[in-house]
2 protein chains.
Amino acid sequence: MTNNIISLNELVNQFSRLPGIGKKTAQRLAFWILEQPPKQAKAFADALITAREKIHFCKVCQSLTDLDICPICSNDNRDKSVICVVEDPKDILAFERTREFSGVYHVLHGVISPLDNISPDDLKIKELMARLASGEVKEIIMATNPTVEGEATASYISRLIKPMGVKVSRLAYGVPVGADLQYADEYTLARALEGRNEI
Amino acid sequence: MTNNIISLNELVNQFSRLPGIGKKTAQRLAFWILEQPPKQAKAFADALITAREKIHFCKVCQSLTDLDICPICSNDNRDKSVICVVEDPKDILAFERTREFSGVYHVLHGVISPLDNISPDDLKIKELMARLASGEVKEIIMATNPTVEGEATASYISRLIKPMGVKVSRLAYGVPVGADLQYADEYTLARALEGRNEI
């Protein structure tokens, strides 16, 4: 039956393009849309178009915003001398939840990954260097993910920045809070030992 | 950050209304949309509106179609004297995959469920009775789900139809093909015993 309804097929296809949504789930979602009042489908469609049109990168930190400069960058209470460099806008949400960081951010929009054909030029590294030119920045915290690519990107950027006399730091490795040590992997434990602090 | 971008919030809300999509997944999908070319968001929006506008119930079987009468109902090779009554348009897909059924369908769009406030009047039962009026129909196969509500709906409809002299049958219960008997539940096994056939 689905095969005979072109417009339903098209909707199923659109849903199944979403990451993590398979054909079966896409079909279920499409059928659900058909059961809703037309107003609901219209509101969804409007939200898609409005979000895609209005939201762009912040001119300063390259995070997502519907303003010229995002609320964090334009907040006078944030410490502009410390920049936390992250891979993804979603990482900012995680840091903001800690309520422990009062500096500003910079979003790379990815990591260097030769296998995926992503070179430094594909990331927002030029934009980061431009921010350092003002001389206002004292420290860069490299907060890329603790993966091979995240590490490589952090050390690549750190090599670029160090000659400019700006301090570069990296997030601490260690055992996660609340974790059970018997299940910790050997790399994490080794790093936790290496970075042990006196108490 | 998300909290500051109204249009992003709205998109996340729309995604999280979808069945089975939680707040976290909705956020991931919304961010993914922002990474796509605007054309992609537009195509998704168009598919939503077109599907919702064009697709309606088939005048005969109440399944979904973008025509007046769906391809199954308008197919002269289908046996119009046997109607398979299902809960949901998706059930038709399952039957069509078997390639074993050459009759036509009728979609109830739900089951009687007093707990959910769904009474017989909320289902497409009137439309089914209207199809029987022609006298062309010889058998009704009740193919509602093997649940308490599905059973109740099947016997309710069967009581309505039997006085009209039309044969009413029910799908056979039994162990699923390929199943491991040690994991079969007692109700299914009991029904499989009850319905045993001579070989």
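Up top is the structure.
So, how was this worked out
- Going along each chain's sequence as written, the residues are numbered from 1 onward.
- Each chain takes a letter, starting from A, and each ligand takes a number, starting from 1, following the order in which they are written.
- Only residues with pLDDT of 70 or above have their local features reported here, since the model is predicted, and side-chain atom pairs are shown and tallied only from 80 upward, although totals for entire chains, interfaces and linings are computed over all residues.
- Each side-chain value is worked out from all heavy atoms of the structure, with water and hydrogens disregarded.
- Every helix listed is a DSSP run of H or I at least four residues long, and every strand listed is a run of E at least two residues long, numbered separately from the N terminus.
- Exposure categories follow from relative accessible area, calculated using a 1.4 Å probe and restricted to protein chains: below 20% of the type maximum is buried, above 50% is exposed, and the middle band is partly exposed.
- Contacts are assigned to residue pairs with any non-hydrogen atoms lying within 4.5 Å of each other.
- Alignment of the copies relies on least squares applied to C-alpha atoms, considering only residues that score at least 70 for pLDDT in both.
- The residues that make up patches have over 30% relative accessible area and no salt bridge, and they are joined within 9 Å when like-charged or within 5 Å when they are Val, Leu, Ile, Met, Phe, Trp or Tyr.
- The protein chains shown are the only cover counted for residues, whose accessible areas, like all others here, come from Shrake-Rupley with a 1.4 Å probe.
- The rule for a salt bridge is simple: a side-chain nitrogen of Lys or Arg has to be within 4 Å of a carboxyl oxygen of Asp or Glu.
- One bridge is not enough; two strands pair if DSSP finds at least two bridges between them.
- Place the viewer so that the strands point away; then a crossover is right-handed whenever the path from the first strand over the helix to the second strand goes clockwise.
- Structural elements are reduced to axes, namely lines fitted to C-alpha atoms, with helices fitted over the stretch in contact, and the angle between N-to-C directions of any two is expressed from 0 to 180 degrees.
- Under this scheme an angle from 65 to 115 degrees is roughly perpendicular, one under 35 degrees roughly parallel, and one over 145 degrees roughly antiparallel; angles in between are oblique.
- Note on residue classes: Ala, Val, Leu, Ile, Met, Phe, Trp, Tyr, Cys and Pro are nonpolar, Asp, Glu, Lys and Arg are charged, and everything else, Gly too, is polar.
- For the purposes of this analysis, a disulfide is any pair of cysteine sulfur atoms at a distance within 2.5 Å.
- In short, buried area is how much 1.4 Å probe accessible area vanishes from two parts on joining, totalled over both.
- Two N or O atoms form a polar contact when they lie within 3.5 Å of each other; inside protein one atom must be a possible hydrogen donor and the other a possible acceptor, and for residues adjacent in sequence the pair counts only when both atoms belong to side chains.
- Residues enter a nonpolar core if they are buried and are Ala, Val, Leu, Ile, Met, Phe, Trp, Tyr or Cys, with the set joined through side-chain atoms within 4.5 Å.
- What counts as a ring pair is set by centres within 6.5 Å for rings of Phe, Tyr and Trp (its six-membered ring), and what kind of pair is set by the plane angle: stacked under 30 degrees, edge-to-face over 60, tilted for all other angles.

Attention shifts here to the overall build of chain A. The helix and strand inventory of chain A stands at 7 helices and 6 strands. Secondary structure elements of chain A, listed N to C terminal, follow the sequence α-α-α-β-β-β-α-β-α-β-α-β-α. Split into buried and exposed, the 199 residues of chain A put 42% on the buried side. Long-range pairs, those at least 24 residues apart, make up 47% of the contacts in chain A between residues at least 6 apart in sequence.

Quick look at the relation of the copies chain A and chain B now. Here chain A sits on chain B after a turn of 180 degrees about the axis and a move of 0.0 Å along it, with an RMSD of 0.1 Å. What the rotation and shift describe, once combined, is the action of a two-fold rotation axis. Considering only C-alpha atoms, the residue of chain A closest to the rotation axis is Ala45(A), which sits at 2.1 Å. A share of 100% of the interface residues of chain A reappears at the interface of chain B, consistent with the copies meeting face to face through the same patch.

On to a nonpolar patch on the surface, then. On the surface, Val175(A), Leu181(A) and Leu189(A) cluster together to form a nonpolar patch covering roughly 230 Å² of accessible area. Here Leu181(A) lies in the loop between β6 (167-170) and α7 (186-194).

Before going further, it helps to examine the pairing of strand β5 (residues 139-142) of chain B. Residue and element names in this part refer to chain B. Of the two faces of β5, the one lined by Glu139 and Ile141 and the one lined by Ile140 and Met142 are each fully buried. In terms of strand pairing, strand β3 (residues 79-86) meets β5 through 4 bridges, oriented parallel. Each residue of the ladder has a partner; that of cysteine 84, found in β5, is isoleucine 141. As paired elements, β5 and strand β6 (residues 167-170) share 4 bridges and run parallel to each other. From the neighbouring strand, isoleucine 140 faces β6, where its bridge partner is valine 168. In this view, the connection linking β5 to its parallel neighbour β6 by way of helix α6 (residues 148-161) has right-handed handedness.

All names here are of chain A. Using the criterion set out here, one finds 10 salt bridges over all chains in the structure. For the salt bridge of aspartate 46 with lysine 42, the shortest nitrogen-to-oxygen distance reads 3.1 Å. Of this pair, aspartate 46 and lysine 42 are both found in helix α3 (residues 38-54), 4 residues apart, which corresponds to roughly one turn of the helix. Looking at lysine 42, the relative accessible area reads 42%, which means it is partly exposed.

Their axes nearest at 11 Å, the elements helix α4 (residues 89-98) of chain A and helix α2 (residues 23-35) of chain B cross at an angle of 140 degrees. Classed by the angle they form, the pair α4(A) and α2(B) counts as oblique. From α4(A), Pro89(A), Lys90(A) and Leu93(A) reach across to α2(B), where they touch Gln27(B), Arg28(B) and Phe31(B). In terms of residue class, the contact of α4(A) with α2(B) is made up of 3 nonpolar, 1 polar and 2 charged.

This part takes up the state of the cysteines. The final tally for this structure, using the stated rule, is 0 disulfides over all chains. For the unlinked cysteine Cys61(B), the closest cysteine sulfur is that of Cys73(B), found at 3.6 Å.

With 47 residues of chain A at the interface, the matching set in chain B holds 47 residues. Both sides together, the interface formed by chain A and chain B hides about 4800 Å², and carbon and sulfur atoms give 73% of it. If you look at where chain A meets chain B, you find 8 residue pairs in polar contact (both at pLDDT 80 or more). At the level of secondary structure, the elements contributing two or more residues to the side of chain A that touches chain B comprise α1 (6-17), α2 (23-35), α3, β2 (64-65) and α4 of chain A. The element best represented in the side of chain A that touches chain B is α3(A), accounting for 14 residues. Grouping the constituent residues of the side of chain A that touches chain B by class yields 29 nonpolar, 10 polar and 8 charged.

Let us look at the nonpolar core. Of all hydrophobic cores here, the largest spans 46 residues; its most connected members are Phe15(A) and Phe15(B). When contributions to this core are tallied by element, the ones reaching two or more residues are α1, α2 and α3 of chain A together with α1 (6-17), α2 and α3 (38-54) of chain B. With residues up to four places along the chain from it excluded, the contact list for Phe15(B) reads Leu18(A), Phe44(A), Leu48(A), Ile21(B), Ala26(B), Leu29(B), Ala30(B), Ile33(B) and Phe44(B).

The backbone of His109(A) sits at a positive phi, close to 60 degrees, despite the residue not being glycine. If you trace the backbone, His109(A) turns up in the loop between β4 (103-107) and α5 (125-132). By relative accessible area, His109(A) is classed as partly exposed at 26%. Of note in the backbone geometry, Asn117(B) takes a positive phi value of approximately 65 degrees without being a glycine.

Residue and element names in this part refer to chain B. Read from one edge to the other, the open sheet built from 4 strands follows the order β4-β3-β5-β6, with strand pairing classed as parallel. Two strands bound the open sheet, and with one partner strand each, they are β4 (103-107) and β6. The mean angle between the axes of side-by-side strands here comes to 25 degrees, regardless of whether they run parallel or antiparallel. Of the strands in this sheet, β3 and β4 touch helix α4 (residues 89-98), which is tilted by about 160 degrees from β4. Seen against the sheet, α6 touches β5 and β6 and runs at an angle of roughly 170 degrees to β6.

Looking now at the packing of aromatic side chains. Tallied over the entire structure, the rule returns 9 aromatic pairs over all chains. A connected cluster of aromatic rings, assembled from ring pairs, spans Phe15(A), Phe44(A), Phe15(B) and Phe44(B).

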